[in-house]
Amino acid sequence: MENREVFRLCGVITGVTKRISKKDNKPWAIVTLATTRETYTVNAFAGCYEKSHPQLVEGALVLLEGQIIRRRDDEVQLAANSVAPLEGAIGRIVRGVTFFISGNGQACDFVETLRTELESAMGSTPVRLGVLLDDHQAVLADLASSLEWNIDRDQLNRLRKHPAVRGLRIDVRPAEAPEPEWKRRRA
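From a predicted model like this one, the values you see are computed outputs, not experimental measurements. (Residues numbered from 1 in each chain as written. Predicted model: local features only at pLDDT ≥ 70, side-chain atom pairs only at ≥ 80, totals over all residues. Heavy atoms only, no water.)

A separate point is the overall build of the chain. Counting its secondary structure elements, the chain contains 5 helices and 10 strands. For the chain, the C-alpha radius of gyration of 21 Å lies well beyond 16 Å, the compact-globule estimate for 187 residues. Seen through its C-alpha atoms, the chain measures out along the principal axes to roughly 65 × 40 × 30 Å. Counting every position in the chain, which comprises 187 residues, the buried fraction comes to 34%. When contacts within the chain are restricted to residue pairs at least 6 apart in sequence, those whose partners lie at least 24 apart make up 63%. (Helix = DSSP H or I, 4+ residues; strand = E, 2+ residues; numbered from the N terminus. Rg over C-alpha atoms; globule rule 2.2 N^0.38 Å. Buried < 20%, exposed > 50% of the residue type's maximum accessible area, 1.4 Å probe, protein only. Contact = heavy atoms within 4.5 Å.)

Attention now goes to the pattern of salt bridges. In the structure shown here, the tally under the stated rule is 7 salt bridges. It is possible to trace a salt-bridge network through shared partners that takes in Arg 8, Glu 65 and Arg 92. (Salt bridge = Lys/Arg side-chain N within 4 Å of Asp/Glu carboxyl O.)

Moving on, we get to the sheet that holds strand 10 (residues 165–172). Read across the sheet, 4 strands follow the order 9-8-6-10 without closing on themselves; strand pairing throughout is mixed. Looking at which strands have only one partner, the edges of the open sheet turn out to be strand 9 (138–142) and strand 10. Adjacent strand axes in the sheet meet at a mean angle of 20° when their direction is disregarded. Of the pairings in the sheet, the one linking strand 8 (residues 127–132) to strand 9 comprises 5 bridges and is antiparallel in character. Across the sheet, the residue bridging to Leu 129 is Ala 141, located in strand 9. Strand contacts of helix 2 (residues 86–93): strand 6 (94–102) and strand 10, with the helix running at about 85° to strand 6, the strand carrying the most contacts. Packed on one face of the sheet, helix 4 (residues 153–160) meets strand 6 and strand 10 and runs near 145° to strand 10. (Pairing = 2+ DSSP bridges. Axes fitted to C-alpha atoms, helices over the stretch in contact; angles between N-to-C directions.)

To continue, consider the packing of helix 3 (residues 107–120) against helix 4. Interaxial distance between helix 3 and helix 4 falls to 11 Å at its minimum, and their mutual angle equals 175°. Judged on the interaxial angle alone, helix 4 and helix 3 are roughly antiparallel. Every residue of helix 4 that contacts helix 3 at Phe 110, Thr 113, Leu 114, Glu 117 and Ser 120 is listed here: Gln 155, Arg 158 and Leu 159. Of the residues assigned to the contact of helix 3 with helix 4, the class counts are 3 nonpolar, 3 polar and 2 charged. (Parallel < 35°, antiparallel > 145°, perpendicular 65-115°, else oblique. Nonpolar A, V, L, I, M, F, W, Y, C, P; charged D, E, K, R; others polar.)

This brings us to helix 2. Among the residues of helix 2, Leu 86, Ala 89 and Ile 93 are the ones counted as buried. Along the long axis of helix 2, the arc covered by the buried residues comes to 60°, so they all point the same way. (Arc of directions from axis to C-beta.)

What follows concerns the sheet that holds strand 2 (residues 27–34). If you trace the 5 strands once around the closed barrel, you get 1-2-3-5-4, paired in mixed fashion. The average undirected angle you get between the axes of adjacent strands in this sheet is 50°. The pairing of strand 1 (residues 6–20) with strand 2 spans 8 bridges and is antiparallel. Directly across from Val 16, in strand 2, lies its bridge partner Val 31. Sheet contacts for helix 2: strand 1, strand 4 (61–70) and strand 5 (76–85); angle to strand 4, the most-contacted strand, approximately 65°.

A few words on the nonpolar core. Among the nonpolar cores identified, the biggest contains 23 residues, and Phe 99, Ile 101, Phe 110, Leu 114 and Trp 149 are the most heavily contacted of them. Looking at this core, the elements with two or more residues in it are helix 2, strand 6, helix 3, strand 8 and helix 4. Discounting residues that sit within four places of it in the chain, Phe 99 has contacts with Phe 110, Leu 114, Val 127, Arg 128, Leu 129, Gly 130, Trp 149, Leu 156, Leu 159, Gly 167 and Leu 168. Counting residues in each nonpolar core, the second largest holds 17 residues, with Phe 7, Leu 9, Ala 44 and Cys 48 among its members. (Core = buried A, V, L, I, M, F, W, Y, C linked by side-chain atoms within 4.5 Å.)

Before going further, it helps to examine the pairing of strand 2. Hairpin connection between strand 1 and strand 2: a loop of 6 residues separates the two successive antiparallel strands, and Asn 25 in this loop has a positive phi of roughly 65°. Relative to strand 3 (residues 39–44), strand 2 is paired through 6 bridges, and the arrangement is antiparallel. Directly across from Ile 30, in strand 3, lies its bridge partner Asn 43. From the end of strand 2 to the start of strand 3, which pair antiparallel, there are 4 residues.

Okay, here's the thing in structure tokens:
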């Protein structure tokens, strides 16, 4: 990844080492974040630490967004811009959900189940339904805006396990770099 390229990681915090900056005497932390595949060391410098320190607790499930810092010696560091509880952050980054279902006898039951689940958790995330015609084609339909969803992990898992569901696509917003501090100071 290039210098200043943005990233997003979801995982569990397995370690937090608090530090004090020599430059301005402000607290910051080195955070160890474990995902299902890797463990990352991420620096939560003073600005991020000030906003996010309540989330920086071992065992917390978080969504962490930040930037790559590539040093002159080509050493790569990860610097956090924000840390948020995973449960609340999912709805903020998901742009849409598409369920792909088979046209078998379970399809009608799934559509009824989906409607019931969506009506119980109304929100702002659009939902689409794709009916598979074969292994490579599907007919897609946007559901009514009255059925937009406030995504809930337990509901998503229940719906995903339905016998008619053959696949799931979750579209997420790309991670964005925060406005540089020097621009904020000028304003």
